[in-house]
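Chain residues, written in single-letter form:
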Amino acid sequence: MGQLLVFLTLLALGYGFGRLAESRHYRSIIAREDALRSLLVMPDRMPPIHFQNHGSTLVTGSVVISVDYFKTVAAGLRGLFGGRVGAYESLLDRARREAILRMQEDARKLGAEAVFNLKFETSRIAQNAGQGLGSVEVLAYGTALIPVHGR
Amino acid sequence: MLISNMEVVPGKKITTHLGLVQGSTVRAKHAGRDIMAGLKNIFGGELKGYTELLSESRDEALQRLSEQARTLGANAVINVRFSTSSIAAGASEIFVYGTAVIVEDR
């Protein structure tokens, strides 16, 4: 009985705080994406000829986002029946978009006009629990093209 | 040291290829952070401590990469790629590699 109570409390805490964190994060992502829309980010390997006199440098952005207890349980149940794991989809979506935003902020600080050759690197950080997904790390990196004055 | 993950450097010409250079680092987080992360696993949200730790390790790996390139006499590293792997519970390896080259203004 006591164990069930603990489980239900954790589930409720995870659901409540997890939901709150997720909706707050999405709001911030959408607002910042609007602000940074003028900075082009492309996965193209070669920049167009227009950028041939720009300086270039590596820019990176990374984020580690943790699952909440509710997501862990929901994904565990989903594992029994198969199908889309919505709980983890939104987690990864948030992490990717946040990583791109941080990379863009890095590029904007350098005065860049565009970021080319965008690449992602995703890795999971296992928790004490061992098997389950603890948290996920996403790194976004690319080459920022910075206009050089006087050329 | 110019570091880029493209195959070309805009406005510059690659005169010499000096081969592969790499840098890596293995980092573990301390127990206090681990406990905080355990709590976060219930509530969800960003693990700022881990984000910082991993970006510090990445800077360290990049530092080693450019040191190696400098000893080869390169002035740029192109085609840089990152790779992350968790080798044990609580420790992860950050590996970065690229091609050391000498570039000149066109």
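Given the structure is predicted, the values throughout are model-derived calculations rather than measurements.

> So what exactly am I meant to see when it comes to the sheet that holds strand S3 (residues 114–125) of chain A here?
Strand pairing within a sheet occurs via backbone hydrogen bonds; the two strands may be parallel or antiparallel. Spatially, the five strands line up as an open sheet ordered S1(A)-S3(A)-S4(A)-S2(A)-S3(B), and their pairing is mixed. The two strands at the open ends of the sheet, each matched to only one other strand, are strand S1 (40–41) of chain A together with strand S3 (44–46) of chain B. Sheet topology note: the strand S2 (residues 55–68) of chain A/strand S4 (residues 135–146) of chain A ladder contains twelve bridges and is antiparallel. Looking across to S4 of chain A, one finds that Ser-66 of chain A is bridged to Ser-135 of chain A.

> Would you take a moment to explain the interface of chain A and chain B for this structure?
Interface size is often expressed as the accessible area that is lost when the parts come together. With 44 residues of chain A at the interface, the matching set in chain B holds 34 residues. Carbon and sulfur atoms supply 53% of the area that chain A and chain B bury against each other, a total of about 3100 Å² over both sides. Inspection of the chain A/chain B interface yields three salt bridges. In this structure, Glu-7 of chain B and Arg-45 of chain A form a salt bridge, with 2.9 Å as the shortest nitrogen-oxygen distance. In this structure, the connection of chain A to chain B is made through 17 residue pairs in polar contact (both at pLDDT 80 or more). The element best represented in the side of chain A that touches chain B is S2 of chain A, accounting for eleven residues. Its residues assigned to classes, the side of chain A that touches chain B shows 18 nonpolar, 17 polar and nine charged. Bridge analysis of S2 of chain A against S3 of chain B gives two bridges, and the strand direction is antiparallel.

> How should I be thinking about the pairing of S4 of chain A in this particular structure?
Within a regular beta strand, the side chains point alternately toward one face of the sheet and then the other, so they alternate between its two faces. Residues and elements named next belong to chain A. Across the twelve residues of S4, twelve count as buried, placing the element largely inside the fold. Here S3 pairs with S4 via ten bridges, running antiparallel. Its bridge partner being in S4, Ser-123 is matched across the sheet by Glu-137.

> Help me out: how do you make sense of the confidence of the model for chain B in this one?
Should the pLDDT be low somewhere, the predicted coordinates at that spot are not to be read in detail. With 95% of its residues at a pLDDT of 70 or more, chain B has an overall mean of 87. Considering each helix and strand of chain B separately, the mean pLDDT is smallest for helix H1 (residues 31–43) of chain B, with a value of 75, and largest for strand S1 (residues 2–3) of chain B, with 92.

> How should the pattern of salt bridges be read in this particular structure?
Pairing of side chains with opposite charge becomes possible as their charged atoms draw close. Inspection of the entire model under this criterion finds 16 salt bridges over all chains. In this structure, Glu-46 of chain B and Arg-102 of chain A form a salt bridge, with 2.9 Å as the shortest nitrogen-oxygen distance. With Glu-46 of chain B in strand S3 and Arg-102 of chain A in helix H3 (residues 86–109), this residue pair bridges two chains. Salt-bridge contacts for Glu-137 of chain A lead to Arg-58 of chain B; the nearest nitrogen and oxygen are separated by 2.8 Å. Remark: Arg-58 of chain B occurs in helix H2 (residues 48–71) and Glu-137 of chain A occurs in strand S4; the pair is interchain, linking two chains. Look at Glu-137 of chain A and you get buried, because its relative accessible area is 1%.

Rules used throughout
- Residues numbered from 1 in each chain as written.
- Chains lettered and ligands numbered in written order.
- Predicted model: local features only at pLDDT ≥ 70, side-chain atom pairs only at ≥ 80, totals over all residues.
- Heavy atoms only, no water.
- Pairing = 2+ DSSP bridges.
- Helix = DSSP H or I, 4+ residues; strand = E, 2+ residues; numbered from the N terminus.
- Contact = heavy atoms within 4.5 Å.
- Buried area = accessible area lost by both parts, 1.4 Å probe.
- Salt bridge = Lys/Arg side-chain N within 4 Å of Asp/Glu carboxyl O.
- Polar contact = N/O pair within 3.5 Å; in protein donor to acceptor, adjacent residues only side chain to side chain.
- Nonpolar A, V, L, I, M, F, W, Y, C, P; charged D, E, K, R; others polar.
- Buried < 20%, exposed > 50% of the residue type's maximum accessible area, 1.4 Å probe, protein only.
- pLDDT = per-residue confidence, 0-100.

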